[in-house]
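The lines below spell out each chain.
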Amino acid sequence: MRFAFIIFILLLGSCSLKEGESLISGDTTILVESSDSVAITQQWDIFSHDYPKAGIKLSFIPENYAIGQFLADSARIIICDRNLSPEEQNSINARNVKLRSYLISAKSIAIITHPSNPLVSLNQNDLKKFIEGDLEETKSFSLLIADGNSSIYSYLKRTFGSPKLKRAGSETELINKVAANPKTIGLVPVDYLIDETSDRKAKNLYRIKAIPIRSNQDEKLYSAATPNMKGLKYPLVQEIYLHDAQGKSGLGTGLAGFMLSDRGQLIFKKMGWYAVRNRERDILIAN
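Note that the coordinates shown come from a computational prediction; the quantities given were computed from them, not determined experimentally. (Residues numbered from 1 in each chain as written. Predicted model: local features only at pLDDT ≥ 70, side-chain atom pairs only at ≥ 80, totals over all residues. Heavy atoms only, no water.)

## Side note on the pairing of strand β5 (residues 100-113)
Along a regular strand, successive side chains alternate from one face of the sheet to the other.
Point 1. Most of β5 sits inside the fold, with 12 of its 14 residues counted as buried.
Point 2. Inspection of the sheet shows β5 paired to strand β13 (residues 237-244) by 8 bridges, in the antiparallel sense. The residue of β13 that forms the bridge with Arg100 is Asp244.
Point 3. Bridge count for β5 against strand β9 (residues 184-189) is 5 bridges, and the pairing is antiparallel. Paired with Thr113 across the bridge in β9 is Ile185.
Point 4. Here 2 bridges tie β5 to strand β10 (residues 209-210), and the two strands are oriented antiparallel to one another. When the bridges of β10 are listed, Thr113 appears paired with Lys209. (Buried < 20%, exposed > 50% of the residue type's maximum accessible area, 1.4 Å probe, protein only. Helix = DSSP H or I, 4+ residues; strand = E, 2+ residues; numbered from the N terminus. Pairing = 2+ DSSP bridges.)

If you want it as structure tokens, here you go:
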């Protein structure tokens, strides 16, 4: 028994599989929101090392494009930073395919600026004005995101309405622009600041500063690096899902189980993401 699959269905092996296909073998393509590339690649590197017959190709593209391709049946598995809407779920179900969705982790959106910028904190009540460019303290600053089709832009639009943000091109370009210009503010996934598995933390630590947010709940300041989801008070958090429309217990189910195991959740935590594992629902699967 190599690891514990954490799964939210009872009969993982009940669907018939083609020869050579299983939870840990076969071939498939997984669409991945591009800003999640480092974290998901870390998971895939270990999974594929342990299970060399798992032929998974990862395709990293902005979330809007990825979901469009998933709904068009160009790929049967997607990892993105939100749950599917009822309409999107219905479009999958209309193909008579069982859709399986797994909450695998969550990540904060960090607000960053140049170390010399006078902004030191934001109030949760002011976030809508801030994102829409109407907050008096930040009106004179340029607000940046990596890409208008990214999951962060979609999240901000769903949450706050009409974000007024300029596109930097990529997370790396955004950080470089913020580090070079005190009149800019950017929004990036928190792992670009606190990832312990690469050199990103060391690269960015002294070039930029992260802005904490004062919570409505207790009037205390919280950073994007809040260590866990229980009692979470930092307000800018995206839930990460793996959606599987394979219609069978195949590689999508296997990879989701790995990412929800102790080992997989530890990888996410080292990246600066949140552990979402529910220990009481472990199901062990023997090879």
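## Points about the pairing of strand β4 (residues 77-80)
Point 1. Residues Ile77 and Ile79 of β4 are buried on one face, and the alternating residues Ile78 and Cys80, pointing to the opposite face, are buried as well.
Point 2. Sheet analysis places strand β2 (residues 26-33) next to β4, joined by 3 bridges and oriented parallel. Paired with Val32 across the strands is Ile79, a residue of β4.
Point 3. Judged from the 4 bridges that link them, β4 and β13 form a sheet pairing that is antiparallel. Looking at β13, one finds that Ile77 is bridged to Asp244.

## A short note on the side chain of Ser25
Point 1. Here Ser25 lies in the loop between β1 (4-6) and β2.
Point 2. Here Ser25 falls in the buried class, since its relative accessible area comes to 12%.
Point 3. At 2.8 Å, the side chain of Ser25 and the side chain of Ser22 are in polar contact. (Polar contact = N/O pair within 3.5 Å; in protein donor to acceptor, adjacent residues only side chain to side chain.)

## Observations regarding the packing of aromatic side chains
Point 1. On inspection of all chains with the given rule, the structure shows 4 aromatic pairs.
Point 2. Taken together, a centroid distance of 5.4 Å and an interplanar angle of 45 degrees make the contact between Phe47 and Tyr51 tilted. Considered together, Phe47 and Tyr51 belong to a single accessibility category, that of buried residues.
Point 3. Ring-pair connections join several aromatic residues into one group, and the members of that group are Trp44, Phe47, Tyr51 and Phe258. (Phe/Tyr/Trp six-rings, centres within 6.5 Å; stacked < 30°, edge-to-face > 60°.)

## Observations concerning the side chain of Ser154
Point 1. With respect to the secondary-structure elements, Ser154 resides in helix α5 (residues 151-160).
Point 2. With a relative accessible area of 12%, Ser154 lands in the buried category.
Point 3. Residue contacts for Ser154: discarding those within four places in its chain leaves Glu63 and Asn64. (Contact = heavy atoms within 4.5 Å.)

## Here's the deal with the nonpolar core
Point 1. One finds Ile111, Ile112, Leu156, Leu187 and Leu236 to be the most contacted residues of the largest nonpolar core, which totals 41 residues.
Point 2. Considering every element that reaches this core, the biggest residue donor is β5, with 5 residues.
Point 3. Ignoring sequence-local partners within four residues, the contact set of Leu236 consists of Lys107, Ser108, Ile109, Ile111, Leu127, Tyr155, Phe160 and Ile213. (Core = buried A, V, L, I, M, F, W, Y, C linked by side-chain atoms within 4.5 Å.)

## What about the pattern of salt bridges?
Point 1. For the structure shown, the criterion picks out 10 salt bridges.
Point 2. The closest approach of N and O atoms between Arg82 and Glu63, which form a salt bridge, is 3.9 Å. Placement of Arg82 in the loop between β4 and α3 (86-93) and of Glu63 in helix α2 (residues 63-71) is noted, with a sequence separation of 19 residues between them. Both residues of the pair, Arg82 and Glu63, count as buried.
Point 3. Through salt bridges that share partners, Asp36, Asp81 and Lys107 make up one connected network. (Salt bridge = Lys/Arg side-chain N within 4 Å of Asp/Glu carboxyl O.)

## Description of the sheet that holds strand β12 (residues 221-222)
Point 1. Taken in spatial order, the 3 strands make up an open sheet running β6-β11-β12, and their pairing is mixed. Each edge of the open sheet is held by one strand with a lone partner, namely β6 (122-123) and β12.
Point 2. Pairing between strand β11 (residues 213-214) and β12: 2 bridges, direction antiparallel. Bridging across to β12, Arg214 finds its partner in Leu221.

These results come straight from atomic positions and should not be treated as a statement about function.
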